[in-house]
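# Structural features, examined
What follows is the residue order along each chain.
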Amino acid sequence: MSESVLAALLDAARRAGAEQADALLVHSASLAVQRRLGAIEQLERSESTDLGLRVFLGNRVAIVSGTDASPSGFAALAERAVAMARVVPEDSHATLLDAPSPMDAQALALADDAEPDADALLARAAIAEEAALAIQGVTNSEGGSAGWSRGTRTLATTRGFFGEYTRSSHSVSATALAGTGTGMQRDYDYASSTFLADLDDAAAIGRRAGEQAVARLNPIRPKSMRLSVVYHPRVASSLLGHLVNAINGASIARGTSFLKDAMGQQILPRGMFVMDDPLRPRGPRSRPFDGEGQPGLRRALIEDGVLTTWLLDGRSAKQLGLTTTGHAGRGTGGPPSPSPTNLWLEPGQATPEALMSDIREGLYITELIGMGVNGITGDYSRGAAGFMIRDGQLAEAVGEITIAGKLPEMFLAMSAANDLAFRRGTDAPTIRVDGMTLAGA
């Protein structure tokens, strides 16, 4: 049915005067619950249909979107898009790419048939919250939550491409509070997976949230100093986020990245690999084709510490005189733009304990606050909380601090532990960065 709907929309675009066009249809459904202290605070189900049409008139491009997939409105939608395209400025880099037939999406195992009802989700949220509240020292809760979603994306173009795939997701989380009054501390844990069978145990999620909140009680604010900083995996992935933002083809084409001249150069220590794989079965960002119908490939973005590629969609690739890498992300209301898929830093050999064993005085970060990162210069400054490291061991909790550095130098000063776990789509093991600045008391 989706194929006939998009075929009708593309036909309407041609009749309205479009030279080329593509159309994206997204059907989605979700169910989310939240429980706090035994009471239901959220029970929400939503279903939506979103439609996007992109039309080309020479080098002029326009996009329109809507929520009505009824063919009776397609003529007006297409005419509006073409009218917009006639008056927008020319874009010499805009392009509608040829695309091969997509691979069989079933090979990627992206859709779980399990669809939990509200009672099942509430039970999962309750298990997570009660496990958190059972931890000695936990005094309150911000609740346990659970969710399910399922969505189908369908893309068609006037160059003959048609592709469709369905993705599901299951999630559970808990947030606990420890202590009393102004000395209260909070922490959380969460997990998500494509298949329900792969979802972390809800009780384990709750216990970790509670234990982490208690561990953060009575934080100190250490003096300012230069030291080694060790990132817990849940915040270590943010370093990968800064890295891929810096090698995004759109930023490179604009010249607004501190890595714009780094192709083929060593930007991480030797032996480090950063991988991107849109074809990993059950991966949270796996897809049989990107937002322009292009196939993706497993590739090393950083190989033995050396930058090997930009993340490119069709437009940024044309700007740079290169070929798309199949990294076009896209919604119904905007143009494609480069984005990673399943992204991770390959683990090292040392355990997290061994990675910090020689640190006489350092910092172990479990939470980052704010987004003080300059993508042009690589300046890095973020609020943080965590624990001191003393003689290789975790010590007292710390808070109200800032950690700072320069990302190019930080990347070259990284070392990785062996505790990589695939949980969130962008994943990293414990990471150590030497020579950073702590701004404290």
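Preceding this section is the structure that the text describes.
Criteria and cut-off values
- Residues numbered from 1 in each chain as written.
- Predicted model: local features only at pLDDT ≥ 70, side-chain atom pairs only at ≥ 80, totals over all residues.
- Heavy atoms only, no water.
- Pairing = 2+ DSSP bridges.
- Helix = DSSP H or I, 4+ residues; strand = E, 2+ residues; numbered from the N terminus.
- Axes fitted to C-alpha atoms, helices over the stretch in contact; angles between N-to-C directions.
- Contact = heavy atoms within 4.5 Å.
- Buried < 20%, exposed > 50% of the residue type's maximum accessible area, 1.4 Å probe, protein only.
- Polar contact = N/O pair within 3.5 Å; in protein donor to acceptor, adjacent residues only side chain to side chain.
- Core = buried A, V, L, I, M, F, W, Y, C linked by side-chain atoms within 4.5 Å.
- Salt bridge = Lys/Arg side-chain N within 4 Å of Asp/Glu carboxyl O.
- Expected span 1.5 Å × (residues − 1).

### A short note on the sheet that holds strand 13 (residues 343–345)
- Taken in spatial order, the five strands make up an open sheet running 10-9-8-13-18, and their pairing is mixed. Across the chains shown, the open sheet's two edge strands, defined by having one partner strand only, are strand 10 (306–307) and strand 18 (426–427).
- Judged from the two bridges that link them, strand 9 (residues 299–303) and strand 10 form a sheet pairing that is antiparallel. Counterpart to Glu303 in the pairing with strand 10 is Val306.

### Quick word on the sheet that holds strand 3 (residues 60–66)
- Taken together, six strands build an open sheet; the order of strands is 3-2-1-4-5-6 and the sheet is antiparallel. For this open sheet the edge positions go to strand 3 and strand 6 (185–193), each flanked by a neighbour on one side alone. Ignoring which end each strand starts from, the neighbouring axes of this sheet average 20° apart.
- Its contacts with the sheet place helix 2 (residues 74–87) against strand 2 (39–57) and strand 3, and it is angled at close to 145° to strand 3.
- On top of the sheet, helix 3 (residues 118–133) reaches strand 1 (20–36), strand 2, strand 4 (138–157) and strand 5 (162–178); it is set at about 140° to strand 4, its chief contact.

### Some details on the side chain of Asn342
- Following the sequence through the fold, Asn342 ends up in the loop between strand 12 (337–338) and strand 13.
- Relative accessible area serves as the criterion here: at 0%, Asn342 is assigned to the buried category.
- In this structure the side chain of Asn342 is engaged in a polar contact, spanning 2.8 Å, whose partner is the backbone oxygen of Asp277.
- Only 2.9 Å separates the side chain of Asn342 from the backbone nitrogen of Arg285, close enough to count as a polar contact.
- With sequence-adjacent residues up to four places away left out, Asn342 is seen in contact with Met275, Asp276, Asp277, Pro278, Arg280, Gly283, Pro284, Arg285, Ser286 and Gly425.

### Regarding the nonpolar core
- Core analysis: the largest hydrophobic core is formed by 48 residues, its most contacted members being Tyr231, Val274, Leu345, Leu363, Tyr380, Ile403 and Ile431.
- With seven residues, the top contributor of residues to this core is helix 5 (residues 233–246).
- Leaving out residues up to four positions away in the same chain, Leu363 has contacts with Leu227, Ser228, Val229, Val230, Phe387, Met388, Ile389, Val398, Ile401, Ile403 and Leu438.
- Ranked by size, the runner-up nonpolar core spans 24 residues in total, among them Ala16, Phe74, Ala78 and Ala81.

### Description of the pattern of salt bridges
- Inspection of the entire model under this criterion finds 26 salt bridges.
- Across the pair Asp187 and Arg234 runs a salt bridge, and its minimum N-O distance is 2.7 Å. In this pair, Asp187 sits in strand 6 while Arg234 sits in helix 5, placing the two residues 47 residues apart along the sequence.
- On the basis of relative accessible area, Asp187 is assigned to the buried category, the value being 2%.
- Here Asp189 makes a salt bridge to Arg208, at a shortest N to O gap of 2.5 Å. With Asp189 in strand 6 and Arg208 in helix 4 (residues 202–215), this pair connects stretches of sequence that are 19 residues apart.
- Here Asp189 falls in the buried class, since its relative accessible area comes to 4%.

### Comments concerning helix 4
- For helix 4, built from 14 residues, the straight-helix expectation of 20 Å at 1.5 Å per residue is met to within 8% by its first-to-last C-alpha distance of 20 Å.
- The complete set of buried residues in helix 4 reads Ala202, Ala203, Ala204, Ile205, Gly206, Ala209, Gly210 and Ala213.
- Of the residues that open helix 4, the one with a side-chain oxygen 3.2 Å from the backbone nitrogen of Ala203 is Asp201.

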